[in-house]
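# Close look at the chain arrangement
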Amino acid sequence: MEKSSVSTLLKMEGVTKRFPGVIANDRVDLELHNGEVLALLGENGAGKSTLMNILAGLYRPDEGFITIRGEKVSIHSPQDSMHLGIGMIHQEFMLVQTMTVAENIVLGLQDLPLIPPMAEIKRKIIELSDRYSLKVDPDRFIYELSVGEQQRVEILKLVYRGAEVLILDEPTAVLTPQESRDLNGIIKTMLSEGKSAIFITHKMDEVLSFSHRVQVLRQGKTVAACKTEGTTPQELANMMVGREILFKIKKAPYRPGEPKLILDGVTVEDPTGRPVLKDISLTIYEGEILGIAGVAGNGQTELTEVITGLQKAVSGRITLDSQDMTNKQPLHLIKAGMSHIPADRGAMGIVGDMSVADNLVMKRYRSEPIASRHGVMHATKIFGFAKKMISFFKIATPKPETLVKFLSGGNIQKTILAREIDSCGGVLIAVYPSRGLDVGATESVRNNIVAQRDKKAAVLLVSEELDELLSVADKIGVMFEGELMGIVDAATTNKEELGMMMAGMRGGNA
Amino acid sequence: MQLITTLLAVTLSAGTSLLYATIGEIYTERSGILNLGVEGMMMMGALSAFAVSFYTGSLFLSLIVAMLVGGSLALLHAFLSISMRANQVVSGLSITLFGTGLASYLGQRLGPESNGFNLAGMTASNFQKIQIPFLGDIPILAAFFNQDVLTYMLFLIVPLSWYFMYRTKHGLSLRSVGENPRTASAMGISVAKVRYLYTVIGGMLVGLGGAHLTLAYTPGWSENVTGGRGWIVIALVIFAGWNPSRAVFGAVLFGGINAIQFRLQAAGTMIPASFLNMAPYVVTVVVLALMTIIGKKKKGKYSSPSALGNAFSIEDK
Ligand SMILES: Nc1ncnc2c1ncn2[C@@H]1O[C@H](COP(=O)(O)OP(=O)(O)OP(=O)(O)O)[C@@H](O)[C@H]1O
Ligand SMILES: [Mg+2]
C-alpha cells in the first residue's frame, strides 16, 4: 500500500456497517485532506449519517479501519473521537431541552472543573458568539429556543471545544437561507483557522460554493469521488439518484375554484400578550397554492398553527368551506379535511417508537377501510395501505414494521409527508416540505403538492426557498413582523420584489 | 408551645427515613433508572442495621452494612435494567418482593437461640437524641436541635445534594443522562457508568433510611417496620419534582401527619385506630396529587426525567 501523502488528514478504509435488514455502509473508503471541505452527498438513506457517526464514535464499524495523519486509530466512544479533535453536528439536535444553553455547551467536557465557573463560561460563550456572530443568550433554556437558535448552540458547542475536524450533518437543513449563509460564513472562518470539514448537504449551491471535493454515496457504496470544480449540479444529482433529475414541476394551468379557506383579521398573541400575528386576512381558493415567504420568525409558524388549531386567535375569523373554524380543536379540523406538515417534525409529526406502517395510518385508523365500524383495526389492511404508500413515496425502510426512529433523517420526513399528503381532504398546510430531502425526493414532493392542487385542494405552502415558491406556488404572500406585506402573482413576480417585501415593504395587493 | 415543639420534633424524626430514601431514589431516577425496589431495600437496610447493632453494638458498622446491603440490591437492579435491559418496573418489583421476603425470613433466623432465633422483641444499641447546647433550648427551634445523628446529617445531605445536582459537573452529567441519554452519550458521557453509579448510591441512601427506622425512630426489629414507606417514597419523588430540596416538604408532611396521628391515638379519640393509621398515607397521596396537578402548569421544571424507565443503547436510538 502506498504511503499516505502529507496532506491526508483522515482516511477511512473499507468501512462496513450493518443494521438489521440493511447494509448502511458497504466497504466505503473516504479521504479528507488538511484544510479542505469534503461534501458528502447521497440520497436519503444512502448511509451518510451512519458513516459520520462512526467517525464520531457513536457507532462501531463491523469492518474497516480509520487512520489519522497516517496512524491507525481506534474510535470506541465519542470520548475517543473528541480526543482526536473530531467534532460533529448531528442531523438531529443533540441538546438537553431542560438545560440552559451554557449547560449544554459545557456538558461532558473533560477538563471542566468540579464546580463549573458559570460566569466565566458564559463570558467565553458570549465572546465566541460575538466572534462568529452566533447570537444566543447563554441563560435561556433550550426548549425556549427556535430551531435556528438551537442550531447556533450546536455550532457553539463545536467551537467551544475547539474541534479540528468538523463533521456537519445537514446543518443548514433546518435553517433559513439567511441563517444558512451566516453558517456558511462561519464555516469559512473556521477553515481559515486551519480546520477541515466534512459537510453533508442536499443543497447543490452549498456544495458548489464551498466544498473542494465531493464524494457521493448510493445505497451504502461510494459511487463517485472527485474535485468539486468541473462538476455541475445536474451531474451530481444524477450520480446521487442514478437517474435523470429534471428540476422541473409538472403543473396544470392555474384555474382557481370557489374560495376554500378564508382568514379575516386574524390576530394571535404570545403568552406575554404581544401580538405575533397582526390582523391577517387572506383567501385560498380551491385548486390554488398560496406560498408564504418571509424570514423565519416573522409569524409563519403562528399563521400555520392558528389555521390548524394549535394556537388560539384572540380576534378575527377563520372559515373553511364557509363554516366557522376559529379556534376549533385540531381533530375537528382534521375531520374537516385539513392536513398539516409541521415545521417541527420531530416533536409534532412522528412517533419514533411506532412502526412506519402505524405512523402512516395514524390519520386513517379511525375510519373504514383501515378500521371496522366498531373501531377494530385490520392488520392486513394497514400493511396493504402502508406498502402502497412506501412504494409510492419511495420511503427507504427495510420493512413496514420497522420502527420509524431507525429510518434515515430524510426518510422520516418522507413518512410524514406521505401521511399528510395522502390524507389531504381539501386543505393542505405544508411548512418547509422539502427540508432534509434529497433532490429526487424534493422533486417528487413538489410534484405531489401540485397534484393535490390539481385535484382542487387549497394549499398553503410556507417555504424559505424563493425558488421553490416561484416554481410551485400560484400566489405568494410575504410576511414581515407578523403582518402580511401583500400577495403577489407567482407568475409575474421576481426575487427582487419578494426580497423587498421580506424586508418590510408593502407590495402587491395587500 | 411545648406541644408544637414536641410534634415538630417527632415529625422530623418520622420524616428522616423517608427523606434518606427519597433523596436516594431521586439520584437513581435522575439517571433515568426507575427503581421500584425501594420498599425491599429499605426493609433489608432496616434488618441488617439492627442485626449488626445487636451483635456488635457498633452503630457505625451498622450503618455501613445497611448501606452495603441497600447498595447491593440496587446493583442487582442496575445489572438487570442496564446490562440485561430488563423491564425496570418488573425488576424493581422483584427487588421489593425479594427484599421484604428475605428480611422477614432473616428476622426469624438471625435472632438469639433464647428468643427462638427471632430478632423481633430484641433490643440493641441505638441512636440517641443529642441536644445541641443553647439552640436546643429555644422553643420551636429546639425541635430541630434535639435529634439523632442521622437526622442531623440530613441538614447537610439535602443542601449538598441540591448543590451537587444543579451546580456541579457531575450533576450536569447525571441530569443529562436521565433527560436525553443519546445526547449525553454523544457528548462523551458514559451513560451506563453514570446509571450504575447513581443507582447504587441511591440504594445506599435507601439502606440508610431503613437503618434509621430500626436504630432510631422505632428502635427494634419488627416484620412490618417500614410500613409501606418505600411506596410513599416513590410518590414523594414525583411530588418533589426530582428536586432534593423539595423532597423535604413531602417527608415533613408525611412525618407530621404520622406524628399527630400517634398523638391522637395515644390520647384516645373516637376515631377508629385503623383510620388514624391510614391517615398519613391518604393525606400524603391526596396532597401530592393536588400539588402535581397544580405543578403541571409550570412547564419543564418539575417534570420527570424524559428518559426515565427506558433502556438505552446508542444504536437503538
Ligand atoms: N440505528 C439504526 N438502526 C437501524 N437502522 C439504521 C440505524 N441508523 C441508520 N439505519 C439505516 O441505515 C441506512 C442509512 O441511514 P443514514 O441515516 O446513514 O442515511 P443518510 O444518508 O444520512 O440519509 P438522510 O439524507 O436521509 O439523512 C438507512 O436505511 C437507515 O434506515
Ligand atoms: Mg442523515
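Here's what I pulled together on the structure shown here.

## A short note on the overall build of chain B
In terms of regular secondary structure, chain B is built from 12 helices and 2 strands. Reading chain B from its N end, one meets helices and strands in the order α-α-α-α-β-α-β-α-α-α-α-α-α-α. Compactness check: chain B gives a C-alpha radius of gyration of 20 Å against a globular reference of 20 Å for 317 residues, within 12% of the reference. Taking the principal axes of its C-alpha atoms as reference, chain B extends roughly 60 × 50 × 40 Å. Relative to its 317 residues, chain B shows a buried fraction of 53%. Of the contacts made within chain B by residues no fewer than 6 positions apart, 75% connect residues no fewer than 24 positions apart. Taken together, the 19 basic and 10 acidic charged side chains of chain B have centroids lying 13 Å from each other.

## Digging into the sheet that holds strand S17 (residues 427–431) of chain A
Residue and element names in this part refer to chain A. The mixed open sheet is built from 6 strands, whose spatial order is S16-S17-S18-S13-S19-S20. Looking at the sheet topology across the chains shown, the edges are occupied by strand S16 (338–341) and strand S20 (483–489). Going from strand to strand, the sheet's axes swing by 15 degrees on average, the running direction of each strand aside. Pairing analysis gives 5 bridges linking strand S13 (residues 288–293) to strand S18 (residues 458–462), with the strands arranged parallel.

## Examining unusual backbone geometry
Residue and element names in this part refer to chain B. Even without being glycine, Phe 117 reaches a positive phi, approximately 60 degrees. Tracing the sequence through the fold places Phe 117 in the loop between helix H4 (88–107) and strand S1 (130–131). Positive phi values are uncommon outside glycine, yet Trp 242 reaches one of about 60 degrees. When you line up the elements, Trp 242 lands in the loop between helix H10 (229–239) and helix H11 (244–267).

## Re the nonpolar core
Soluble globular proteins: nonpolar side chains tend toward being buried together. In terms of nonpolar packing, the biggest core is built from 140 residues, with A:Leu10, A:Met12, A:Leu30, A:Leu51, A:Met52 and B:Trp221 touching the most fellow members. With near-sequence residues (within four places) excluded, A:Leu30 lies in contact with A:Leu10, A:Lys11, A:Met12, A:Leu38, A:Leu40, A:Leu51, A:Met52, A:Ile198 and A:Gln215. Grouped together as the second largest cluster of nonpolar side chains are 45 residues, A:Ala357, A:Ala441, A:Val472 and A:Val478 included.

## Some words on helix H5 (residues 147–161) of chain A
Residues and elements named next belong to chain A. An ideal rise of 1.5 Å per residue puts 21 Å on 15 residues; H5 measures up with 21 Å between its terminal C-alpha atoms. Burial analysis of H5 places 11 of its 15 residues in the buried class, the great majority of the element. Listed as buried for H5 are Gly 148, Gln 150, Gln 151, Val 153, Glu 154, Ile 155, Leu 156, Lys 157, Leu 158, Val 159 and Tyr 160. Where H5 is buried, its residues meet strand S6 (86–89), helix H3 (101–106), helix H4 (118–131), strand S7 (165–169) and helix H6 (177–192). Gly 162, located one to two residues past H5, shows a positive phi value of around 65 degrees.

## Quick word on the coordination of the magnesium ion (ligand 2)
Bound to the magnesium ion (ligand 2) are the protein donor atoms A:Ser49 (OG) and A:Gln91 (OE1), situated 2.0 to 2.1 Å from the metal. On the criterion of sequence distance, the pair formed by A:Ser49 in helix H1 (residues 48–55) and A:Gln91 in the loop between S6 and H3 is long-range, its members being 42 residues apart.

## A look at the site of ligand 1
Within the structure, ligand 1 sits among 23 residues, and A:Ser49, A:Thr50, A:Ser408, A:Gly410 and B:Glu315 are positioned closest to it. Chain contributions to the surroundings of ligand 1 come from chains A and B. Separating an oxygen atom of ligand 1 from a backbone N or O atom of A:Gly45 is a distance of 2.7 Å. In this structure, an oxygen atom belonging to ligand 1 sits 2.8 Å away from a side-chain N or O atom of A:Gln91. In isolation ligand 1 offers 640 Å² of accessible surface; the protein chains occlude 95% of this area.

Conventions we followed
Residues numbered from 1 in each chain as written. Chains lettered and ligands numbered in written order. Predicted model: local features only at pLDDT ≥ 70, side-chain atom pairs only at ≥ 80, totals over all residues. Heavy atoms only, no water. Helix = DSSP H or I, 4+ residues; strand = E, 2+ residues; numbered from the N terminus. Rg over C-alpha atoms; globule rule 2.2 N^0.38 Å. Buried < 20%, exposed > 50% of the residue type's maximum accessible area, 1.4 Å probe, protein only. Contact = heavy atoms within 4.5 Å. Lys, Arg positive; Asp, Glu negative; His and termini not counted. Charge placed at Lys NZ, Arg CZ, Asp CG, Glu CD. Pairing = 2+ DSSP bridges. Axes fitted to C-alpha atoms, helices over the stretch in contact; angles between N-to-C directions. Core = buried A, V, L, I, M, F, W, Y, C linked by side-chain atoms within 4.5 Å. Expected span 1.5 Å × (residues − 1). Donors = N, O, S within 2.8 Å, 3.2 Å for Na, K, Ca; no water. Near = heavy atom within 4 Å. Polar contact = N/O pair within 3.5 Å; in protein donor to acceptor, adjacent residues only side chain to side chain. Areas by Shrake-Rupley, 256 points an atom, 1.4 Å probe, with all protein chains shown as cover.

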